[in-house]
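Results of the structural survey
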Amino acid sequence: MPGQRIQQVVIVGGGTAGWMTAAALARFLPSALCNITLVESEQIGTVGVGEATIPHIRHFNQLLGIDENEFIRATQATYKLGIQFAGWGSPGTSYIHPFGLYGHDISGIDFHHYWLRLRALGDDSPLENYSIAAVAALAEKFSYPDANPASPRSDFGYAFHLDASLYAQYLRGYAVQKGVVRIEGKVEQVQLSSATGFIESLVLETGERLNGELFIDCSGFRGLLIEGALNTGYEDWRHWLPCDRAVAMPCERTREPLPYTRAIAQKVGWQWRIPLQHRTGNGQVYCSEYLSDDEALHQLRSQIEGAATGEPNFLRFVTGRRKQSWNKNCVAIGLASGFLEPLESTSIYLIQVGILKLLECFPDADFVAVNQSEFNRHIDLEYRRVRDFLILHYKANARDGEAFWDACRAMAVPEELERKIHLFRESAHIEHYQQGLFMLPSWLAVYIGQGIIPGGYDSRITRHTREAIAAYLQTIRQGIRTDVDAMPSHSSAIQAAVNAMQARYPEASMSLYGLQQ
Amino acid sequence: MSSGPIKKIVIVGGGVIGWTAAAILARGLKAENIHITLLDIPGLPADDMAESSLPGVRPLHQMLGFDERQLMSITGASFKLGTEYRGNDISSFIHPLGKLSTTTAAFEQQVIRLHHAGDATPYEDFFLAAVAARHGKFAFSEPDKKSILSTLSCGLHFDTHEYKKYLQDYAHYLQVTTCKVAVGGLELCPESGFIKSLVLDDNSKVEGDLFIDCSGELSVLIGDPALAVEYESWAEELPADQVMNLALPHTATPTTLLPLTQVQTMPWGWHRIIPLQKRNIHQFIYCSDVLREALLPDAMQRFGFPSDVSCTSRRIRPGRRAVWWKANCVAVGAAAGNITSLAVSELQWAQSALVRLLDYFPDKTCKPCNTAEYNRLSLAEFERLRDFHIAHQHLMHIHSAFGSLCQQKPIPVSLQHRLELFRHRGRIAAYEYDVISDALWAAFFFGLQIWPERYDVMTDALTEKELRQQHQHIKAAIQKTVVAMPSHQQVLTRYCPAR
């Protein structure tokens, strides 16, 4: 028989993580059985300054029944087809990590082997030209992917740039309307059961006491419950990802918004540019050992394109991961669960998988242990996958002669990543794994974009003549060019979404490249 | 060891695995100008008489350019919509190959809830594949996701001997050469440890750049004394060590031929029936410590086999080599590892490994990172398959001599976690490299009447009455579809009548 259902969930923190969690729980937990309370304090700022996302967010919105166009209006969102990395590879170069495939496999051989073969024979057409998402991004175009999976216009996905505070606000409206109780206040004390060590209640500054059975820690870096109260422990990953600070500062929009995020490498760390409808989000991620806060701010100010519209917001973080995201009766979601810099726009994704996995493993009041072990097993894998992919960007930099970057190139990386890089270098193979981010095209984008060019390629394709491969590749390039030429501009696509009364956007799936599973 | 592209591949072993290797490599490397030779060596254990394969075999056949109708006619094949299990320790169920015939997310959670409320509907009743199979009906899957027929998926049953002949013709057509010889020894390159040539019993030599060991149990190249790759035994986890095949021709054209493999648990192992168009193949997969050879005739008589029934027998050694690819030698099939072939056959894991070999096809140097990746992926996949087979043994055999062997050793941690999570709440813990989908795992556990103690709280959003109505609706849609479907026998007669 089912155990006693949980009747009271308490969420601490009302940032993006808190309200996404509240909204999803309110959507899926039967409200007659379970009360959801979210406690947040207006005195504590949230980190949300403007967020870049990956396509999975569309799946989340769809699960909640949120109209995509309404969401675009509410969050000042723009479309996103990928991320441009500037200055990470050899000087003056940049590349796009697109939300889509490159070319098409032929006879079961991954496309990039053909490209590598042609390259070895002297052709210099960039890999980017074989990705419709990348070409459209650079042309500042946007249209929905084709619903017909046979069409070459189907194999890409899209995400959004959005104002995370507005998204939190929007979800707050959604959650409250579905019965979530919002309490304004600061948590002063966390009371644990002396017998089990479980959290029993929170005492607020006002003296008010919040009892609960399940506590969700969305309090951000501090991990008020998971660390502050439960001392869960933290695995520090700074030896692989050495940046430990960021400064963010929005500015006025000076041009039509780009349909991609920019990540521009700097002497130390990198800067982001996130184009929204009404402004541009900017930030500098850096390592305090190499750059002071003042220098970082200067570096940021000197490069932003429009007039600053806010004061600089300094953030400190320790890259790494909570040893257990779920400990006792407390589940950490978002930054309380771990911090990975936003280089690949994964923050909201990691919140999302935390929520979905929690729903899958949602416990009854007796907290049977297997729920917790399954949740932690899976979330751990998600963080590690993203971590290794981020490390690759640093490890494979080509910024010779800059102390920060020289140190990154020289560092030892996790064994699994080492194996992947070595395998690609030697034989151009990229593993097709199923669990967690990222799939082949993403790895390929970064490897090639940052100058890891394999010494070989699939030996089976040596049979094709240069002319045959060149002709085939040219057909793909031309097809993409024609398709992109026919697309509307990004800004007119946003305008259409903002004005549209009817949803015609395609169905979403839990996929980075929009592939239907 | 020289460099440059592979020019000559030598396959050792003329059983169905060897010819599968010849066919897949010859097709996959068609334009590479590689010479492939197959050495048909004596003493190879007999192939099983019939195959029961998962749906993956059909796209493979397509890749090879086989005409399915022709292949099925020649091999007397039938379709497989699932496996029916029976036994003393379990109640009979069908493990369907298709998908649940509903698009409702987390539907299994609703089934658990209604089960707790007293609803006795078996899980398989929500699979068109299972219901159709029970009624001897068959249809192909429809690509249109809106059609209930899209939830079907099928594997094949076929005669292994005829299949091998088909592969032989195909391989010959693709210029694979063959000779009947025995391998007496091999010449290794002292620096690299690579195989330079095989020394045949007439003292002639066969040189090659890449060697494929398909000699099964004999493991002529990968095993002792040749490359001497260590063999890890899983005999304690998988106690069956013999397979016997018996062919029983149909006395008349059967009016109903169920599109099902049938498996019955026995006090000594398994009795499995693979239905072909002209005959049924019976397989006894057993532990020789429990079922002594001397008792076999008795057992057979009890099943009503005539004393002159044609039969073959071979030993199996559950376990696996520490690596499947060493130097310039790749072991495929039982030479690489064995897990009894009950749910996923040796032929299928060999096919999967060969397709992977094409992906990681080397040059003459066999770069270590390439070999290592092939080994890592192959072994990981095989370990997941082992879990699935251990689950079969452990959950279906309890109160018998064989059962007590199956219960002896604790199950692997990954399987333990999977079972624990399922028993608790009906969710499947996903593991990387698993070829058995979450849906197949779930249908398997439900089939075994492992009813989870709990279900998702999200399921409480609807009332029991609403759920019952929805479920009734799905069952009605399945019933209606099954009534309109042709019989399996009709489809076979029309599509691929046995020659």
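Residues numbered from 1 in each chain as written. Chains lettered and ligands numbered in written order. Predicted model: local features only at pLDDT ≥ 70, side-chain atom pairs only at ≥ 80, totals over all residues.

With respect to the overall build of chain A
Per the secondary structure count, chain A includes 15 helices and 23 strands. Against the compact-globule benchmark of 24 Å for 517 residues, chain A has a radius of gyration of 23 Å, which places it among compact chains. The dimensions of chain A, computed from C-alpha atoms along their principal axes, are 75 × 55 × 50 Å. Contacts in chain A between residues far apart in sequence, at least 24 positions, make up 77% of those at least 6 positions apart. (Helix = DSSP H or I, 4+ residues; strand = E, 2+ residues; numbered from the N terminus. Rg over C-alpha atoms; globule rule 2.2 N^0.38 Å. Contact = placed C-beta atoms within 7 Å.)

Overview of the overall build of chain B
Within chain B one finds 14 helices and 22 strands. In summary, chain B has a C-alpha radius of gyration of 23 Å against a globular reference of 23 Å for 499 residues, a match within 12%. Projecting the C-alpha coordinates of chain B onto the three principal axes gives extents of approximately 75 × 50 × 50 Å. In chain B, which comprises 499 residues, the share counted as buried stands at 50%. Counting contacts in chain B only where the partners sit at least 6 residues apart, residues at least 24 apart contribute 78% of the total. (Buried ≥ 20, exposed ≤ 12 C-beta atoms within 10 Å, placed from the backbone.)

Observations concerning the packing of helix H2 (residues 56–63) of chain A against helix H9 (residues 347–360) of chain A
Residues and elements named next belong to chain A. Where H2 contacts H9, the axes come no closer than 9 Å and their chain directions differ by 45 degrees. Overall, the two elements H2 and H9 adopt an arrangement that is oblique. Seen from above, H2 lies across H9 with left-handed handedness. Here His56, Ile57 and Phe60 of H2 come into contact with H9, specifically with Ile348, Tyr349 and Gln352. For the contact of H2 with H9, a count of residues per class yields four nonpolar, two polar and no charged. (Axes fitted to C-alpha atoms, helices over the stretch in contact; angles between N-to-C directions. Parallel < 35°, antiparallel > 145°, perpendicular 65-115°, else oblique. Left-handed = near helix turned anticlockwise from the far one by under 90°. Nonpolar A, V, L, I, M, F, W, Y, C, P; charged D, E, K, R; others polar.)

Remarks on the environment of Gly216 of chain B
Residue and element names in this part refer to chain B. Along the polypeptide, Gly216 turns up in the loop between strand S12 (210–213) and strand S13 (231–233). Along the primary structure Gly216 and Ile316 are separated by 100 residues, whereas in three dimensions their C-alpha atoms are 9.3 Å apart. Those residues within four positions of Gly216 in sequence are excluded, and the remaining contacts are Gly13, Gly15, Ile17, Leu44, Pro45, Gly333, Ala334 and Ala335.

Quick word on the environment of Ala307 of chain A
All names here are of chain A. With respect to the element layout, Ala307 can be found in the loop between helix H8 (293–301) and strand S19 (313–316). Note: C-alpha distance between Ala307 and Tyr170 (137 residues apart in sequence) is 27 Å. Beyond its immediate sequence surroundings of up to four residues, Ala307 is in contact with Cys251 and Glu252.

Details of the packing of helix H12 (residues 415–427) of chain A against helix H9 (residues 368–396) of chain B
At a minimum axis separation of 9 Å, H12 of chain A and H9 of chain B run at an interaxial angle of 125 degrees. Classed by the angle they form, the pair H12 of chain A and H9 of chain B counts as oblique. For the pair H12 of chain A and H9 of chain B, the sense of crossing is left-handed. Where H12 of chain A abuts H9 of chain B, its residues His422, Leu423, Glu426 and Ser427 of chain A lie against Cys369, Asn370 and Glu373 of chain B. The residue makeup of the contact of H12 of chain A with H9 of chain B, split by class, is two nonpolar, three polar and two charged.

Side note on the interface of chain B and chain A
Listed by partner, the interface residues are 27 residues for chain B and 28 residues for chain A. For the side of chain B that touches chain A, the elements supplying multiple residues, two or more each, are H9 and helix H11 (413–425) of chain B. Broken down by element, the residue count for the side of chain B that touches chain A peaks at four residues, all from H11 of chain B. Considering only residue class, the side of chain B that touches chain A consists of 13 nonpolar, four polar and 10 charged.

Let's talk about unusual backbone geometry
In this model, Leu437 of chain A is joined to Phe438 of chain A through a cis peptide bond whose omega is -5 degrees. The amide bond that connects Asp224 of chain B to the next residue, Pro225 of chain B, takes the cis arrangement and shows omega of -5 degrees. Tracing the sequence through the fold places Pro225 of chain B in the loop between S12 and S13. Positive phi, normally seen in glycine, also occurs at Ala106 of chain B, with a value near 50 degrees. Tracing the chain through its elements places Ala106 of chain B in the loop between strand S6 (90–96) and helix H4 (107–116). Phi angles above zero are rare outside glycine, and Tyr433 of chain B is one such case at about 70 degrees.

Re the sheet that holds strand S22 (residues 337–338) of chain B
Residues and elements named next belong to chain B. Strand order in this open sheet of three strands is S13-S19-S22, and the pairing throughout is antiparallel. Edge positions in the sheet fall to S13 and S22, since each of these pairs with one other strand and no more. As paired strands, S13 and strand S19 (residues 319–321) are joined by three bridges and run antiparallel to one another. Directly across from Ser233, in S19, lies its bridge partner Gly319. (Pairing = 2+ DSSP bridges.)

Some details on the sheet that holds strand S2 (residues 35–40) of chain B
All names here are of chain B. Read across the sheet, six strands follow the order S8-S2-S1-S12-S21-S20 without closing on themselves; strand pairing throughout is mixed. At either end of the open sheet lies a strand with only one pairing partner, and these are strand S8 (177–180) and strand S20 (325–326). Where strand S1 (residues 8–12) lies against S12, four bridges are found, and the strand directions are parallel. Across the sheet, Val12 pairs through a bridge with Asp213, a residue of S12. Across the sheet, helix H1 (residues 16–28) lies against S1, S2 and S12, angled at about 175 degrees from S2, the strand it touches most.

Concerning the environment of Ile461 of chain A
Residues and elements named next belong to chain A. If you trace the backbone, Ile461 turns up in the loop between helix H13 (440–449) and helix H14 (466–485). The class for Ile461 is partly exposed, based on 19 C-beta atoms found within 10 Å. Between the C-alpha atoms of Ile461 and Gln478, which are 17 residues apart in sequence, the distance is 22 Å. Not counting the four nearest positions on each side in its chain, Ile461 is found in contact with Ile109, His113, Tyr114 and Arg117.

Quick word on the confidence of the model for chain B
Residues shown with low pLDDT carry predicted positions that ought not to be read at fine detail. Scored by pLDDT, chain B comes out at a mean of 95, with 100% of its residues at no less than 70. Predicted complex, confidence summary: ipTM 0.95, pTM 0.96. (pLDDT = per-residue confidence, 0-100.)

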